[in-house]
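As a plain string of letters, each chain reads:
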Amino acid sequence: MIQLITEPCYGEFSKTLVAMHELRYRVFKTRMDWDVQTSGNMEIDEFDALHPTYLIQVSDNGHVQGSVRLLPTLGPTMLRDTFPILLEGHPAPSTPLVWESSRFAVDLTVAAPKGDRGITRAAYELFAGMAEFGLSRDLTDIVTVTDVRMERILRRAGWPLRRIGNPSTIGNTMAVAGYLEISRDALASLREAGGLSTPVLWTPVIFAAA
């Protein structure tokens, strides 16, 4: 199940959001050793203060297993304001048709259920949730900064990243920026590969007209 949490509902889902920030700490600080901002055992940065939309993957017993953060590109974004080197001179997207995803994280055991191509079902649910969200907002793309390992996972999942420029070393990570297509075909492909027979967003969304 994916919970879609927006700023008006932060208070209602405060425990879930705390668990999300703790998960991000485990993934980005402890496991990947990224140079990220932390507060206690939570990873949290200035972009979390911009009232983003969060997609949070929750198990049947209510355990937070994954998350991703979404922000419109009309405002500040990580690509434009933190990692402009990855643009290689190209303009950063600034349009209501493109949102930015960041802080994609999944924290699961080795035995976690998997879909096709060895990718966890939780990851497929987050990918499908991003596509469902994008379709509900009539987006054409989601732009993201990620590492080349995640780029390979996206390609295996059938949702290839369209690179903006070449990868660049940032800290201890080989990072790359690019676009993920938002379309009904992309969503159908992700659902099939992930074995998802129904929409994943817990908060219903209304798709734009075809």
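For the structure itself, look to the data block above.
Okay, so let's go over this structure.

The rules behind the values
- Residues numbered from 1 in each chain as written.
- Predicted model: local features only at pLDDT ≥ 70, side-chain atom pairs only at ≥ 80, totals over all residues.
- Heavy atoms only, no water.
- Core = buried A, V, L, I, M, F, W, Y, C linked by side-chain atoms within 4.5 Å.
- Buried < 20%, exposed > 50% of the residue type's maximum accessible area, 1.4 Å probe, protein only.
- Helix = DSSP H or I, 4+ residues; strand = E, 2+ residues; numbered from the N terminus.
- Contact = heavy atoms within 4.5 Å.
- Patch = residues over 30% accessible without salt bridge, like charges linked within 9 Å, V, L, I, M, F, W, Y side chains within 5 Å.
- Areas by Shrake-Rupley, 256 points an atom, 1.4 Å probe, with all protein chains shown as cover.
- Salt bridge = Lys/Arg side-chain N within 4 Å of Asp/Glu carboxyl O.
- Lys, Arg positive; Asp, Glu negative; His and termini not counted.
- Charge placed at Lys NZ, Arg CZ, Asp CG, Glu CD.

## Some points on the nonpolar core
Buried together is how nonpolar side chains tend to be arranged in soluble globular proteins.
Piece 1. Judged by nonpolar contacts, the single largest core of 36 residues is most densely connected at Leu 55, Tyr 124, Phe 127, Met 130 and Trp 159.
Piece 2. Those elements giving two or more residues to this core turn out to be β1 (2-5), β5 (64-72), β6 (98-106), α3 (121-136), α4 (148-156), β10 (173-181) and α5 (184-194).
Piece 3. Considering each element in turn, this core owes the most residues, 10 residues, to α3.
Piece 4. Aside from chain neighbours lying at most four places away, what touches Leu 55 is Ile 2, Gln 3, Leu 4, Gly 66, Ser 67, Val 68, Leu 70, Leu 126, Gly 129, Met 130 and Leu 201.
Piece 5. With 15 residues, the next largest nonpolar core counts Ile 5, Leu 17, Val 27 and Ile 56 among its residues.

## What to know about a positive patch on the surface
Piece 1. A contiguous patch of positive charge, built from Arg 149, Arg 152, Arg 155 and Arg 156, is present on the exposed surface.
Piece 2. Among the structural elements, Arg 152 can be located in helix α4.
Piece 3. For Arg 152, a relative accessible area of 44% corresponds to the partly exposed category.

## Some points on the pattern of salt bridges
When the charged atoms of two side chains lie near each other, side chains of opposite charge can form a pair.
Piece 1. Tallied over the full model, the rule gives 12 salt bridges.
Piece 2. Where Arg 31 meets Asp 107, a salt bridge forms, and the shortest distance between an N and an O atom there is 2.6 Å. On the criterion of sequence distance, the pair formed by Arg 31 in helix α1 (residues 14-31) and Asp 107 in the loop between β6 and α3 is long-range, its members being 76 residues apart.
Piece 3. What you see here is one network of salt bridges that share partners, running through Arg 24, Glu 43, Asp 45, Asp 48, Arg 69 and Arg 103.

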